[in-house]
Amino acid sequence: MKKHLLLLSLATASALYSAEGVFELGKVDVTNTSDTSSATTIIDAQEMQDHERKTVVEALNLLPGATIQSFGARNEQMIMIRGFDVKHAPLFIDGIPIAVPYDGYVDFSRFTTFDLSEIEVSKGLASPLLGANTFAGAINLVTKKPTKEFEGEVGAGFFSGNGRTEYINLGTNQGSYYIQASGSKTQRDTYPLSDDFTPVRTINEDGGDRNNAYATDDKLNLKVGFTPNSTDEYAINYIRQNADKGVPPDEAMNLSGRGFWQWRYWDKQSLYFLSKTDFGNWYLKSRVFYDKFQNSLAIYTNNGLYNTFAYGGVGNPSWYDEYTKGASLESGVKLSSDNTLKMALHYKIDDHQEGGVNQVAVYEMKDTISSFGIEDTHTFSKALSLTVGASYDREEIDTAQNTQYGKPNTNYYNDGAGVSQNTTTGYTTSQEFTHGDTSSFNPMIKLEGQIDDSLSWYGGISGKSRIPSIKDRYSFKFNTFVPNPDLDVEKTINYEVGGTKSLGNASFSGALFYADVSDYIQSAYIPLWYKNGATYTQQQQLQNVGKVTQKGFELSTVYAPFESLSFEGSYTYLKMTNEVDESQKITDVPKEKFIATVAYTPIENLTWFNTYEYDSERYAATGTTGTAPNTKNLYSSTGCVSVWNTKATLRATKAVSFDLGINNVFDRNFYYNYGYPEAGRSVFGNIRYKF
């Protein structure tokens, strides 16, 4: 069954706004178009608005199996799908890949939801037609498309930390063509910490308003589409995002010398063309895209003032200038009344350039990634279908310039005491790294059935892989790592069964999953030290040394006992095990997650939402013990997350509505990442006019 995150009963939902126009060309639910598809979970625009989810990371956190991953040292937030990060479950906009070419990451909190019609999420049995790196699934942001001759929405809001938002959506659909324009601005000076927060190192954080937590995000989204008939559609889309942000420092770590960061700019532009042409018995979809990303990072030696550059200002501030360009084709043909064959071809080029102030050298790294997928679905009856498919993914390194070329090779030692110097590594004498090409084959089989109108089930097995990023292969990570050009793909075999049952005013869904991961990329300490002044830092290297198992289950329910009252909840249990050494934990992954919402409409046009989230503790690597080759990580717990949010929505007229609410009602001090406290009690309000 195609699963939707339902927050309200149908009666309650109809009392609010109708569903937004969905941009069908931007969807990637390619496995099956029938009602029995198990491929995709959908969060629509109304659900995001009801839950006050203004960023993509906030919206995705509503889903079972999805947890927030916070990179506090970079002030970035991402979503993990069943314990795997965005490099294993990539992010798309209208089917266009948008990860940063260099490292495969992207800051989900920079993507606002005002211009989205829905978010699609695929998990372990994602279609092989989606392209490379869908190791744990895929996340697709689907933008808006107008459905009326003239329509729009404008809104504004405030939130604690001197935060404010403004947005506008305008659109026209004239039958044979349509135009959509969206713009938004979100800005904050800081965010409040909990009164329960106790400062550890006051130069980093002294409580009250979070230090260096400012952020500004501007977004423009323009779309023009052509619909010559009822089956064909062609559209061109342009998205521009401009942001800058501070990085709140670790509350306890000694950051003296280089630990205070600010992103001077974080800018992204996407231009893409989408099409679908129907030829009767078969169709052809195309995507052609160019995505550009630029940022600049300044690192300072002092907190509060942020006026003295670290490293003597050489190469600091640093900058990245990157682009991804490519195309994809998807075609499907109905071979018979009960058999459909689909194929997809993806091709993209990732280019990364980096440099810095007072630094002459500019370094470039480039790779090419291609994927061919095929999928055949045979329908035995209305109640049973079988899907088999496979993909072949390949990466070729085109350019890999050494960012340490020309620096003294006398800095590397075979010991941590500076006795035995190592001059044979080549880390500073080779201008170009070795090109480490790789490829993988990924088969999939899935069976879906429907016992009656209220009960459906599915089960399947899929082989998946993840290609290492350019950064995985070649980054020195501030002289704490050495490159490994020969990194190979990570591999997994995903097993999953699940089903959905409707029973009166309630519905239930569940999934049981297991993954066997091999060649997992993990850091390993090696017997090599880098000398910086009088300090010797033992080096690490990313290697295909890991073997991980993932096992767990997800349960969800929606229940509407009365027209005015509805309940929705989900529970996830997830166990990730390092099978090579169980003492070495898989970090950032809570074992349990529970989230539930109660929506109550006491009088017409007034709805009260209450949401509770619980995440069990997660761990972060915060130190090491032992010496190479027996060095091991030490871990610290973040503690659990237990947060209540509440919100009231008043629909004053058919077109105007007001929100007033509180996030973290009980002012809990909690963490997604060790050392980086999240916001305490926060008040917000909104006004919207829709026409």
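Shown above is the structure to which this text applies.
Reading the values: rules and limits
Residues numbered from 1 in each chain as written. Predicted model: local features only at pLDDT ≥ 70, side-chain atom pairs only at ≥ 80, totals over all residues. Heavy atoms only, no water. Helix = DSSP H or I, 4+ residues; strand = E, 2+ residues; numbered from the N terminus. Contact = heavy atoms within 4.5 Å. Pairing = 2+ DSSP bridges. Salt bridge = Lys/Arg side-chain N within 4 Å of Asp/Glu carboxyl O. Buried < 20%, exposed > 50% of the residue type's maximum accessible area, 1.4 Å probe, protein only. Patch = residues over 30% accessible without salt bridge, like charges linked within 9 Å, V, L, I, M, F, W, Y side chains within 5 Å. Areas by Shrake-Rupley, 256 points an atom, 1.4 Å probe, with all protein chains shown as cover. 1 Å grid on protein atoms, 1.4 Å probe; cavity = no way out; pocket = protein on both sides within 12 Å on 5 of 7 lines; lining within 4 Å. Points joined across faces, edges and corners; volume = space filled by probe spheres on them. Nonpolar A, V, L, I, M, F, W, Y, C, P; charged D, E, K, R; others polar.

This part is about the side chain of Asp-588. Summarising the element assignment, Asp-588 is placed in the loop between strand S26 (565-578) and strand S27 (592-603). If near-sequence neighbours (up to four positions away) are discounted, Asp-588 is found in contact with Gln-69, Met-80, Arg-618, Tyr-619 and Asn-673.

What follows deals with the pairing of strand S13 (residues 233-246). Of the strand pairs in this sheet, strand S12 (residues 215-226) and S13 are connected by 12 bridges, and their pairing is antiparallel. Bridge pairing links Asp-217 to Ala-243 in S13. Between S12 and S13, which pair antiparallel one after the other, the connecting turn spans 6 residues. For S13 and strand S14 (residues 260-278), the ladder comprises 13 bridges, and the chain directions are antiparallel. Note that in S14 the partner of Gly-246 across the bridge is Gln-262.

The next point concerns the pattern of salt bridges. This model, assessed by the stated rule, comprises 28 salt bridges. The salt bridge involving Glu-554 is made with Arg-82; its shortest N-O contact spans 2.8 Å. Note that Glu-554 is positioned in strand S25 (residues 535-562) and Arg-82 in the loop between strand S4 (76-81) and strand S5 (91-93), a separation of 472 residues in sequence. Taking the relative accessible area as the measure of exposure, Glu-554 reaches 6% and is therefore buried. Across the salt bridge formed by Asp-659 and Arg-688, the nearest N and O atoms sit 2.7 Å from each other. With a gap of 29 residues between them, Asp-659 in strand S32 (residues 656-663) and Arg-688 in strand S35 (residues 682-690) connect regions that are remote in the sequence. The exposure class of Asp-659 is buried, given its relative accessible area of 5%.

With that settled, consider a nonpolar patch on the surface. A contiguous nonpolar surface patch, about 770 Å² in accessible area, is contributed by Tyr-177, Ile-179, Val-224, Phe-226, Ile-236, Leu-271, Phe-273, Val-288 and Tyr-290. At the level of secondary structure, the elements contributing two or more residues to the nonpolar patch comprise strand S11 (177-188), S12, S14 and strand S15 (282-300). Here Ile-179 shows up in strand S11.

Another point: the pairing of S25. Of the strand pairs in this sheet, strand S24 (residues 506-532) and S25 are connected by 22 bridges, and their pairing is antiparallel. Following the sheet pairing, Trp-529 is matched in S25 by Gln-538. Joining the antiparallel neighbours S24 and S25 is a turn of 2 residues, in which Gly-533 adopts a positive phi near 70°. With 13 bridges connecting them, S25 and S26 associate as antiparallel partners.

To continue, consider unusual backbone geometry. Generally, phi is negative for residues other than glycine and the peptide bonds are trans, each holding for most cases. Note that the residue after Asn-316, namely Pro-317, is joined by a cis bond; omega there is 5°. For Pro-317, the position within the fold is in the loop between S15 and strand S16 (318-336). At Tyr-306, a position not held by glycine, the phi torsion is positive, near 50°. Assignment of secondary structure puts Tyr-306 in the loop between S15 and S16.

This part is about empty space enclosed by the protein. All told, the structure shown has 13 cavities of 30 Å³ or more when counted by the stated rule. Volume-wise, the largest cavity comes out at about 1100 Å³. Forming the boundary of the largest cavity are 44 residues, of which Glu-58, Gln-77, Arg-188, Glu-678 and Ala-679 lie nearest the centre. Taken together, the elements giving at least two residues each to the lining of the largest cavity come down to helix H3 (56-60), strand S3 (66-71), S4, S11, S12, strand S31 (641-651), strand S34 (676-677) and S35. Class assignment of the residues belonging to the lining of the largest cavity gives a composition of 15 nonpolar, 18 polar and 11 charged. Its boundaries defined by the atoms lining it, the second largest cavity holds a volume of some 610 Å³. Secondary-structure elements contributing two or more residues to the lining of the second largest cavity are S5, S15, S16, strand S17 (339-356) and strand S18 (363-381). A breakdown of the residues in the lining of the second largest cavity according to their chemical character gives 24 nonpolar, 11 polar and 11 charged.

For Tyr-238, the location among the structural elements is in strand S13. The sequence separation of Tyr-238 and Asp-291 amounts to 53 residues, and the corresponding C-alpha distance is 9.8 Å. Setting aside residues no more than four positions away along its own chain, Tyr-238 makes contact with Leu-220, Asn-221, Leu-222, Gln-269, Ser-270 and Leu-271.

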